[in-house]
Amino acid sequence: MSKSKNTYTRLLIVSYRLPFSIQPTDDGPALRQNSGGLVSAVLSMAERMGQQPGNTSTKIHWVGHADASLRAVEPALLENESFVAHPVFMEEAVHKGFYEGFSNDLLWPLFHYFTSYASFNERDFSHYQQANTRFLEELNALIEPGDLVWIHDFQLMLLPDMVRKAIPSATIGYFFHIPFPTYEIIKLLPRTWRQVLIEGVLGADVIGFHTADYVQHFMHSVSEVLALPIIGHRIVLADRSVSVRHFPISVDFTKFNVSGQETDVVSTRLRYQRLLRHNKLIFSVDRLDYTKGIRYRLQGYERFLLQQPDWHGRVALVMTVVPSRDKIGQYQELKREIEETVGRINGLFGSIGWRPIVYSYASLTFTELMALYTACDVALITPIRDGMNLVAKEFVASRSDQAGVLILSELAGAAQELQEALIINPTDTQEVADAIEQALIMPKQEQSARMEQMRCHIQNHNVFRWSHDFLNAFDNVPGAEPDLETN
Ligand code: G6P
């Protein structure tokens with residue numbers, strides 16, 4: 001394999017949230033990073049960059065909005081052996097308009113095709129611009145020649161262009177973690193907003209999406225909104241070109257594959273199995289969000305229970321909803337509705353010894369999540385729209401026993417890769433009910449054949465490959481040639 005010169009010295013990650021908190025340790029408070037896939041992927045990327053000759057710093061700088069726990073913290077504490085955290089603080093009103101308003105009350109519903117939930121508010125747009133500028137200010141103080149800046153997600157669409165204007169020679173990557181919708185949806189945005197948002201992301205050298213469809217939708221919007229020439233996967237600007245590709249995000253396969261055997265996971269699993277004795281288990285976990293199809297999921301399960309009385313007392317849906325964005329009206333309303341429906345279904349079908357739905361509104365620890373992934377017979381994942389859906393991939397990666405059935409919505413990005421799942425349309429509640437029955441009676445051999453294919457795919461397309469492929473895409477950026485040999 002050819003060897004190329006690496007001109008990057010440091011990796012600067014920018015995302016809305018900082019994936020850190022300050023935790024007490026025996027030596028006093030210290031910076032602890034979350035165990036999310038993005039953090040592992042970024043660490044592995046930095047390890048590779050750290051191997052390059054002439055690279056003086058292997059620490060990753062991460063710029064992001066911080067929660068209150070980081071506000072009063074000494075700068076020296078914002079660092080550990082791998083990361084330096086750079087919290088971005090902003091006025092509460094600006095943050096509210098940027099995060100609750102423009103990001104989560106407009107871009108999120110619109111880009112997930114929930115057009116009637118979208119609220120168009122000029123002040124929110126101005127706060128979104130101001131917040132992106134705050135991120136720029138933080139980066140500006142940090143960025144040095146040779147840095148690779150990798151910006152993430154829909155909250156920061158303006159930032160790539162802001163960085164480009166401030167530092168024209170910067171090398172910038174941008175990854176979009178949610179669906180990019182068709183131009184018909186983008187057209188709902190006021191002309192100046194859609195123009196500024198698309199110009200904003202075009203400040204990057206490489207733009208990544210999860211699926212080929214999202215890339216196509218983006219390209220269409222670029223040609224409609226800005227009438228720029230497109231050659232293959234490149235958008236041609238006056239003085240440079242931008243590469244736009246799909247890179248499906250994934251999980252740390254090995255971590256999920258081996259954790260099922262850890263002592264605390266085994267004991268938690270046994271405890272759950274004892275508590276939910278004799279029942280076949282269907283598991284679902286999502287952030288509280290209307291895009292996740294929780295309403296339809298409950299309707300599909302109710303229909304299954306109505307049509308299949310033989311299963312009463314023998315199956316339970318263990319449904320965890322993780323608290324999220326609970327200051328936003330739509331989310332509060334959804335929570336109320338879910339809880340009413342769960343209560344109604346349990347009241348209608350349950351008995352003294354049997355609860356059809358075991359519901360909790362809580363965050364799960366990694367151990368609890370692993371115990372549920374490996375204890376359940378079926379994972380029921382029914383989003384109405386989802387950029388990727390990593391729960392589906394985590395479930396498959398955790399099933400080293402090759403057992404269990406994945407029921408997956410065709411509207412999740414993950415369905416394009418996990419074709420051996422039982423693929424359903426979440427709004428077709430009869431299809432969901434039928435898939436539940438099919439999953440519960442599926443012979444072990446068929447479960448294992450389906451699992452094996454999906455596991456093999458995720459093992460080969462894990463989160464490290466995702467970040468390496470993204471980094472590889474910079475090969476053609478003039479002046480930035482990372483050494484990305486793979487063995
Ligand atoms: C999605 C988005 C992320 C976001 C996460 C949690 O996965 O793509 O950008 O951070 O949801 O949402 P929150 O609003 O709590 O950050």
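This text goes with the structure placed above it.
First, a word on what this report is: a plain description of the structure on this page. (Residues numbered from 1 in each chain as written. Predicted model: local features only at pLDDT ≥ 70, side-chain atom pairs only at ≥ 80, totals over all residues.)

### Things to note about the overall build of the protein
Across its full length, the protein carries 16 helices and 17 strands. Oriented by its inertia axes, the alpha-carbon framework of the protein measures out at about 65 × 50 × 45 Å. Split into buried and exposed, the 487 residues of the protein put 45% on the buried side. (Helix = DSSP H or I, 4+ residues; strand = E, 2+ residues; numbered from the N terminus. Buried ≥ 20, exposed ≤ 12 C-beta atoms within 10 Å, placed from the backbone.)

### Digging into the sheet that holds strand β16 (residues 405–409)
Two orientations exist for strands paired in a sheet by backbone hydrogen bonds: parallel and antiparallel. A sheet is described by the order of its strands in space; here six strands give the open sequence β14-β13-β12-β15-β16-β17, paired in parallel fashion. Edge strands, defined here as strands with exactly one partner in the open sheet, are β14 (357–361) and β17 (422–424). If you compare each strand with its neighbour and ignore which way they point, the axes differ by 15° on average. Where β16 and β17 come together, three bridges link them in parallel fashion. Considered in β17, the bridge of I407 is made with L422. (Pairing = 2+ DSSP bridges. Axes fitted to C-alpha atoms, helices over the stretch in contact; angles between N-to-C directions.)

### Focus on helix α7 (residues 212–226)
Taking 1.5 Å as the rise per residue, α7 with 15 residues should run 21 Å; its terminal C-alpha atoms sit 21 Å apart, in good agreement. All of the buried residues along α7 are Y214, V215, H217, F218, S221 and V222. Projection of α7 onto a plane perpendicular to its axis shows the buried side chains occupying an angular sector of 165°, all on one side. The positive-phi residue at the C-terminal boundary of α7 is A227, with phi of around 50°. (Expected span 1.5 Å × (residues − 1). Arc of directions from axis to C-beta.)

### Describing the pairing of strand β12 (residues 280–287)
Sheet faces and side chains relate simply in a regular strand, where the side chains alternate between the two faces. Across eight bridges, the pairing between β12 and strand β13 (residues 315–322) is parallel. Bridging from a neighbouring strand, S284 pairs with M319 of β13. Note on the crossover from β12 through helix α10 (residues 294–307) to β13: the handedness is right-handed. (Right-handed = clockwise from strand over helix to strand, strands pointing away.)

### Details of the pairing of strand β6 (residues 147–152)
β6 sits mainly inside the fold: six of its six residues count as buried. Where burial is concerned, the two faces of β6 agree: the one with D147, V149 and I151 and the one with L148, W150 and H152 are both buried. Of the pairings in the sheet, the one linking strand β1 (residues 10–17) to β6 comprises five bridges and is parallel in character. In the strand pairing of β6, V14 is matched with I151.

### Things to note about the packing of helix α9 (residues 263–275) against helix α12 (residues 366–375)
Their axes nearest at 8 Å, the elements α9 and α12 cross at an angle of 60°. Accordingly, the angle class assigned to the pair α9 and α12 is oblique. Read as a crossing pair, α9 and α12 show a hand that is right-handed. Touching D264, V265, T268, R269, Y272 and Q273 of α9 are T367, E368, M370, A371, L372, T374 and A375, all from α12. Its residues assigned to classes, the contact of α9 with α12 comprises six nonpolar, four polar and three charged. (Parallel < 35°, antiparallel > 145°, perpendicular 65-115°, else oblique. Left-handed = near helix turned anticlockwise from the far one by under 90°. Contact = placed C-beta atoms within 7 Å. Nonpolar A, V, L, I, M, F, W, Y, C, P; charged D, E, K, R; others polar.)

### Points about the site of the ligand
Close to the ligand lie Y16, R17, D153, H177, I178, S324 and R325, which account for all nearby residues. Tallied by class, the residues present in the shell around the ligand amount to two nonpolar, two polar and three charged. (Near = placed C-beta within 6 Å.)

### Description of unusual backbone geometry
Unlike most non-glycine residues, D153 shows phi in positive territory, near 75°. With 18 C-beta atoms packed within 10 Å, D153 lands in the partly exposed category. A positive phi angle is found at R325, which is not glycine, with a value near 45°. For R325, the position within the fold is in the loop between β13 and α11 (329–349). Its 18 C-beta neighbours within 10 Å are what place R325 among the partly exposed residues.

### Some remarks on the packing of helix α2 (residues 92–111) against helix α3 (residues 122–140)
Close contact between α2 and α3 brings their axes to 8 Å; oriented N to C, the two are set at 115°. Looking at the two axes, α2 sits roughly perpendicular to α3. In the packing of α2 onto α3, the handedness of the crossing is left-handed. For the pair α2 and α3, the contacting residues are V94, H95, G97, F98, G101, F102, S103 and L106 in the first and R123, D124, F125, H127, Y128, Q130 and A131 in the second. Across the contact of α2 with α3, the residue classes break down as seven nonpolar, six polar and two charged.

### Overview of the environment of H127
With respect to the helices and strands, H127 occurs in helix α3. The sequence separation of H127 and F464 amounts to 337 residues, and the corresponding C-alpha distance is 35 Å. Here H127 is in contact with V94, G97, F98, G101 and F102, once residues within four sequence places are set aside.

### Describing the sheet that holds strand β9 (residues 230–231)
Taken in spatial order, the nine strands make up an open sheet running β5-β4-β1-β6-β7-β8-β11-β10-β9, and their pairing is mixed. The open sheet terminates on both sides in strands that have one partner only, identified here as β5 (83–88) and β9. Strand direction decides the pairing type here: strand β4 (residues 60–65) and β5, joined by six bridges, are parallel. Note that in β5 the partner of H61 across the bridge is V84. Against the sheet, α3 contacts β1, β4, β5 and β6, and its axis sits at roughly 140° relative to β5.

None of this, on its own, says anything about what the molecule does.
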